[in-house]
Amino acid sequence: MPRPILATIHPAAFRHNLERVRRAAPDARVWAVVKANAYGHGIERVFDGMRSADGFALLDLAEAQRVRDLGWRGPILLLEGVFEQRDLELCSRLDLWHTVHCNEQIDMLAAHKTNVPQRVFLKMNVGMNRLGFMPERYRAAWTRLNALPQVDEISLMCHFSDADGPRGVAQQMAVFAAASRDLPGERSLSNSAAILRHTVDPAQAALHPEALVVSDWVRPGIVLYGSAPDYPEHSAADWALQPTMTLAAKIIATQALDTRASVGYGSSFVADKPMRIGVVACGYADGYPRICPTGTPVLVDGVPTRTVGRVSMDMITVDLTPVPQAGVGSTATLWGRAANGTVLPIDDVAVCAQTVGYELMCGLALRVPVEVAA
């Protein structure tokens, strides 16, 4: 039989999380961000759960082709735009919208031979300092794009660097508003954290215009996958999000430890009393972080417990003290939803690994079998 480890994708959770975004930004259209193979979930596996989105946003042309092959005929946005001039040919063929963030991309458009003008999203650098035109150069870039016959509609966009923290978005929003004042075009501004943390009730807009983030399009990423964009200030439960991926494996052996007996490589965990441990068929070769220390949360048969000792390539050891009935064949939920409904948020595991839930999702190894829940 195959090794007893399985990742399960939950389409119903995607539908729930997408609806949560719509409640937070009811007047905006929603890009479902599916870059990095839908954050490690698999574009084909998440499509049914996200097909009610207004568009799909991603990075590369191969992913765009996969979305079109699934039958999607709506908007698709290349978040980093094109990388070579020949990419514009496929943009024309697949009817892709694309970001323009540098003069070189405008040069490519100017040299592009096409009978069908393209929809572009002109990006402003409001402080992230990765991609985009500086505010003082933004209007000139818009003017140059607007003069090109290869360009149809120009939308305006930026990306907030601190929407998930105390600095917020007000200062960067003010920069964007000032530099784009009176320019026509739809706005695409809010990422996951901005959608949940900085949406202002329209009734309050007149009282607090400086805090109002108005997006014609919003770009949720991590919230669609059931992870809190501002963890640990808020949890996924605080934002009423549901986990979209469960990683679970079976216990394949148990051991009884005497006091002062150690576990695993380096003997990093030493029992301070007699205890039982379970050996779980999951390790860092499956995408579970090797850095996770003793005490990282795990569910065994839906009961909260902890890891003990080092994570090895193919195995994790867990404390069975809270679950005395557990044994070989019991299920360890490494993150996600256990069979009894108990949820172990991926963020709780990620913080023990000194990282974020995004990385754990994207790091799921190819050798882990994946199924899509009904």
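To be clear, the structure that these remarks concern was listed above.
Worth saying up front: this structure is predicted, and the values here are computed from it rather than measured.

Chemist: Just to check I follow, could you spell out unusual backbone geometry for this structure?
Modeler: With the exception of glycine, most residues fall at negative phi, and the peptide bonds are largely trans. The step from tyrosine 231 to proline 232 runs through a cis peptide bond, and the omega angle for that step is 10°. Residue placement: proline 232 occurs in the loop between strand 9 (217-218) and strand 10 (245-257). In the Ramachandran plot, asparagine 37 falls in the positive-phi region, its phi being about 55° despite a non-glycine side chain. Checked against the element boundaries, asparagine 37 lands in helix 2 (residues 35-39). We classify asparagine 37 as partly exposed; its relative accessible area is 28%. Phi angles above zero are rare outside glycine, and aspartate 182 is one such case at about 75°.

Chemist: Could you clarify how one ought to interpret the pattern of salt bridges in this entry?
Modeler: Pairing of side chains with opposite charge becomes possible as their charged atoms draw close. Applying the stated criterion across every chain yields a total of 15 salt bridges. Linking arginine 144 and aspartate 107 is a salt bridge whose minimum nitrogen-to-oxygen distance equals 2.4 Å. Remark: aspartate 107 occurs in helix 6 (residues 103-111) and arginine 144 occurs in helix 7 (residues 135-146); sequence separation between them is 37 residues. Its relative accessible area of 33% is what places arginine 144 among the partly exposed residues. You can call aspartate 107 partly exposed: its relative accessible area is 39%. Close ionic contact of arginine 197 with aspartate 230 constitutes a salt bridge, the shortest N to O distance being 2.7 Å. Taken together, the residues arginine 197 in helix 9 (residues 192-197) and aspartate 230 in the loop between strand 9 and strand 10 connect sequence positions 33 residues apart.

Chemist: What is the right way to read the pairing of strand 6 (residues 118-124) from this model?
Modeler: Looking along a regular strand, one sees side chains alternate from face to face of the sheet. Across the seven residues of strand 6, seven count as buried, placing the element largely inside the fold. Burial of the side chains of strand 6 extends over both faces: Gln118, Val120, Leu122 and Met124 are buried on one face and Arg119, Phe121 and Lys123 on the other. Here three bridges tie strand 5 (residues 97-100) to strand 6, and the two strands are oriented parallel to one another. Bridge pairing in strand 6 links threonine 99 to phenylalanine 121. This β-α-β element, strand 5 to helix 6 to strand 6, shows right-handed connectivity. Sheet topology places strand 6 next to strand 7 (residues 151-158); six bridges connect them, and they run parallel. What sits directly across from methionine 124, in strand 7, is cysteine 158. For the segment spanning strand 6, helix 7 and strand 7, crossover handedness is right-handed.

Chemist: So what exactly am I meant to see when it comes to the packing of aromatic side chains here?
Modeler: Using the criterion set out here, one finds twelve aromatic pairs in the structure. Between phenylalanine 47 and phenylalanine 56, the ring centres sit 5.6 Å apart and the planes meet at 25°, which makes this aromatic pair stacked. For the pair shown, phenylalanine 47 and phenylalanine 56 are each scored as buried. We note arginine 119 situated over the ring of tryptophan 97; from NZ or CZ to the ring centre the distance is 4.1 Å.

Chemist: Before we go on, may I ask you to explain the sheet that holds strand 3 (residues 55-58) in this structure?
Modeler: Strands pair in a sheet through their backbones, by hydrogen bonds, and they do so in one of two ways: parallel or antiparallel. Taking strand neighbours around the barrel as the criterion, the eight strands line up as 2-3-4-5-6-7-8-9 in a closed arrangement whose pairing is parallel. Here strand 4 (residues 76-78) pairs with strand 5 via two bridges, running parallel. By the bridge assignment for strand 5, leucine 77 is matched with tryptophan 97.

Chemist: Hey, could you run me through the environment of phenylalanine 133 in this one?
Modeler: As for its placement among the helices and strands, phenylalanine 133 is situated in the loop between strand 6 and helix 7. Separated by 190 residues in the primary sequence, phenylalanine 133 and valine 323 place their C-alpha atoms 57 Å from one another. If near-sequence neighbours (up to four positions away) are discounted, phenylalanine 133 is found in contact with Val100, His101, Cys102, Asn103, Ile106, Leu122, Lys123, Met124, Asn125, Tyr138 and Ala141.

The rules behind each value
Residues numbered from 1 in each chain as written. Predicted model: local features only at pLDDT ≥ 70, side-chain atom pairs only at ≥ 80, totals over all residues. Heavy atoms only, no water. Helix = DSSP H or I, 4+ residues; strand = E, 2+ residues; numbered from the N terminus. Buried < 20%, exposed > 50% of the residue type's maximum accessible area, 1.4 Å probe, protein only. Salt bridge = Lys/Arg side-chain N within 4 Å of Asp/Glu carboxyl O. Pairing = 2+ DSSP bridges. Right-handed = clockwise from strand over helix to strand, strands pointing away. Phe/Tyr/Trp six-rings, centres within 6.5 Å; stacked < 30°, edge-to-face > 60°. Lys NZ or Arg CZ within 6 Å of the ring centre and 35° of its normal. Contact = heavy atoms within 4.5 Å.

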